[in-house]
Amino acid sequence: DNAVTTTTDPSERIVSSVKGIKPNEVAIDGIIYSLDGFKHPGGDTILMFGGNDVTVQYKMIHPYHTADRVKQKLQRVGKIPDYVCDYKFGTPFEKEIKEEVFKVVKRGKEFGTWGWHLRAIFYTCCLFSLQFLWTVHGSSFWLAVAYGVSQALIGLNVQHDANHGAASKNHFTNDMYGFGADLIGGSKWLWIEQHWTHHAFTNDLEKDPDTAGAEPFVLFHPYPLKHAARSVMHQFQVVYTMIVLSAYWLSSLFNPAHFDLKHRGALEKGIQMESDFIASRRKYAMLIRMYYVGITYVSPFFHHDWATALFHIAIMGSVGSLFLGALFSVSHNFENAERDPVARSTMDNDDEPVCWFQSQVETSSTYGGAWAGYLTGGLNFQIEHHLFPRMSSSWYPYIAPAVREVCKKHGIKYAYYPTLVHNLVSTLKYTHAVGTGALVDDDANQHQQHAKKE
């Protein structure tokens, strides 16, 4: 897999697979480019993906760019002759949905509005105020609830847009807002490794780290009945799913990835994380981590006995985790959601790749309207977000009607729920069906067997 041969041009290599890409290189459409000396207008996020094929990520984040754009910006150093992308781009659906959406949001105007920035500043001030009270005056039950909700609001409304590069055209502004992930117990670098991979390969069993994010306790993928991932407890998972989601803060607190900045889920799906850039950011990640742990987990013990301190910490962590976990889980796990678009399209269309834009619609759901968006950072418009992840969430209510109309015209399933409750009920029904095996039939088994062979 790693065999490399040199062509007559000494500056270009022929690489037999993506495993031959060096940590200071990326591949796009089978062409390998060097990142050395490249000054990316959107900041240094691109350096995190050194050593990887970033075809889908590049096209996902740069909806305006043509095929020649990257050739003008990066130095070509090699190629992968037999490269085939899992998805198809440039389809009629993609072209029309871009055309209609860009009529609503003009190029260069897709970033955060003044309203978005006011909300971000408000939520950030709330977080720092609660941290001050938590540390100086001591924790309490209701302060724990408020602190947990505040952290969730930062995760949804501030760091999310920023770490997508959507808060501002200025990458420094995005970087600063993006550290909101670290201020609530996460890491902006780990988040980008995981979340950008999820966006590129949504519900792809082989490549999306979120497909197994709640395992082994909760299954969101309809594995065959005799699959090793299944156990007796999954038949009752609908009963305890929300409890598991509320315990996310514990896995985050003891996550070893905070030390090496290698997201384990993305690593298991094949993302390489050996770049010098990632190594250079570890010291900063640890400093911010020490601040958060000291403020959030250590300070309560200076004001209370150990039992009371632990109780307040558990309430804070559980509230924030449940808020985030429930909202994220409904986005791609609901009745009739497409579970593995790449494998499904291969079976159904004689090896014809699925349109990436179509796959994003059919693996996601949207619920509510603008007011739900103000509280969830626009993540209720999950379909719109997955189609245009570098567009600020403040624009999603405006583009949603155009997206729905184009989907209807092309016969593409658009999952809409009137409220979060409706979406959540569908998610719980789906989770129950996955756990009991009710979704597994002969077609699903064929689907899984095909995915394994690939």
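Residues numbered from 1 in each chain as written. Predicted model: local features only at pLDDT ≥ 70, side-chain atom pairs only at ≥ 80, totals over all residues. Heavy atoms only, no water.

Student: Outline empty space enclosed by the protein, supporting the account with residue identities and numerical values.
Tutor: Under the counting rule described, the total for this entry stands at one cavity of 30 Å³ or more. Approximately 40 Å³ is the volume attributed to the largest cavity. Residue lining of the largest cavity: Asp-182, Gly-185, Gly-186, Ser-187, His-258, Ala-285, Ile-288, Arg-289 and Tyr-292, and that is the complete set. If you tally residues by element for the lining of the largest cavity, the top one is helix α14 (residues 276-298), at four residues. For the lining of the largest cavity, the per-class residue count stands at three nonpolar, four polar and two charged. (1 Å grid on protein atoms, 1.4 Å probe; cavity = no way out; pocket = protein on both sides within 12 Å on 5 of 7 lines; lining within 4 Å. Points joined across faces, edges and corners; volume = space filled by probe spheres on them. Helix = DSSP H or I, 4+ residues; strand = E, 2+ residues; numbered from the N terminus. Nonpolar A, V, L, I, M, F, W, Y, C, P; charged D, E, K, R; others polar.)

Student: Any chance you could break down the confidence of the model for the protein for me, citing the residues and the numbers?
Tutor: Summing up the model confidence of the protein, the mean pLDDT is 90 and the portion of residues at 70 or higher is 93%. Contacts from residues 1-8, a stretch scored under 50 in pLDDT, to residues over four places away or in other chains number 17 contacts. A low-confidence stretch, residues 442-454 (pLDDT under 50), is modelled with 21 contacts involving residues beyond four sequence positions or located in other chains. (pLDDT = per-residue confidence, 0-100. Contact = heavy atoms within 4.5 Å.)

Student: Provide a residue-level description of the pattern of salt bridges, including the pertinent values.
Tutor: Between side chains of opposite charge, pairing is possible as soon as their charged atoms come close. Tallied over the entire structure, the rule returns 10 salt bridges. Notably, a salt bridge pairs Lys-207 with Asp-86, separated by 2.5 Å at the nearest N-O pair. Residue Lys-207 is found in the loop between α9 (188-200) and α10 (237-246), and its partner Asp-86 is found in the loop between β6 (75-79) and β7 (87-88); the two are separated by 121 residues along the sequence. Relative accessible area serves as the criterion here: at 28%, Lys-207 is assigned to the partly exposed category. Ionic pairing is found between Glu-94 and Lys-98, a salt bridge with its closest N-O pair at 2.8 Å. Of this pair, Glu-94 and Lys-98 are both found in helix α3 (residues 92-104), four residues apart, which corresponds to roughly one turn of the helix. Considered together, Glu-94 and Lys-98 belong to a single accessibility category, that of buried residues. (Salt bridge = Lys/Arg side-chain N within 4 Å of Asp/Glu carboxyl O. Buried < 20%, exposed > 50% of the residue type's maximum accessible area, 1.4 Å probe, protein only.)

Student: Any chance you could break down a nonpolar patch on the surface for me, citing the residues and the numbers?
Tutor: Residues Phe-132, Leu-133 and Val-136 make up a contiguous nonpolar surface patch of roughly 260 Å² in combined accessible area. Here Leu-133 lies in helix α4 (residues 114-137). When its relative accessible area of 34% is taken as the criterion, Leu-133 is described as partly exposed. (Patch = residues over 30% accessible without salt bridge, like charges linked within 9 Å, V, L, I, M, F, W, Y side chains within 5 Å. Areas by Shrake-Rupley, 256 points an atom, 1.4 Å probe, with all protein chains shown as cover.)

Student: Any details on the nonpolar core? Residues and values, ideally.
Tutor: Ranked by internal contacts, the top residues of the largest apolar core, which has 66 residues, are Tyr-87, Phe-93, Ile-97 and Val-403. With residues near it in sequence (within four places) discarded, Ile-97 still touches Phe-357, Leu-387, Phe-388, Val-403 and Val-406. Counting 24 residues, the second-largest nonpolar core is a separate cluster that includes Leu-127, Leu-130, Trp-134 and Ile-315. (Core = buried A, V, L, I, M, F, W, Y, C linked by side-chain atoms within 4.5 Å.)

Student: Give me the lowdown on the packing of aromatic side chains, citing residues and values where you can.
Tutor: Centre-to-centre distance and the angle between the planes together describe a pair of aromatic rings. Applying the stated criterion to the full structure yields 18 aromatic pairs. Here Tyr-87 and Phe-201 contribute two aromatic rings whose centre-to-centre distance is 6.3 Å and whose plane-to-plane angle is 35°, an arrangement assigned as tilted. Remark: Phe-201 occurs in the loop between α9 and α10 and Tyr-87 occurs in strand β7; sequence separation between them is 114 residues. The residues Tyr-87 and Phe-201 share a single accessibility class, namely buried. Aromatic pair Phe-179 and Trp-189: ring centres 5.5 Å apart, planes at 80°, arrangement edge-to-face. Of the two residues, Phe-179 is situated in the loop between α7 (171-178) and α8 (180-183) and Trp-189 in helix α9; the sequence distance between them amounts to 10 residues. Overall, Trp-189 belongs to the buried group, its relative accessible area being 6%. (Phe/Tyr/Trp six-rings, centres within 6.5 Å; stacked < 30°, edge-to-face > 60°.)

Student: Now, about the environment of Leu-375: what can you tell me, with residues and values included?
Tutor: Structurally, Leu-375 is set in helix α18 (residues 370-376). Judged by relative accessible area, which is 52%, Leu-375 ranks as exposed. Sequence separation of Leu-375 and Asn-157 is 218 residues, and the distance between their C-alpha atoms is 7.4 Å. Filtering out sequence-adjacent residues up to four positions away, Leu-375 remains in contact with Tyr-123, Leu-153, Leu-156 and Asn-157.

Student: I'd like a description of unusual backbone geometry, backed by residues and values.
Tutor: Look at the link from Glu-215 to Pro-216: it is a cis peptide, with omega at 10°. Backbone geometry at Asn-203 places phi at a positive 65°, although glycine is not the residue there. Its place among the elements puts Asn-203 in the loop between α9 and α10. Under the relative-accessibility criterion, Asn-203 is labelled buried at 3%. In the Ramachandran plot, Leu-261 falls in the positive-phi region, its phi being about 55° despite a non-glycine side chain. Taking relative accessible area as the criterion, Leu-261 reaches 1% and is therefore assigned buried.

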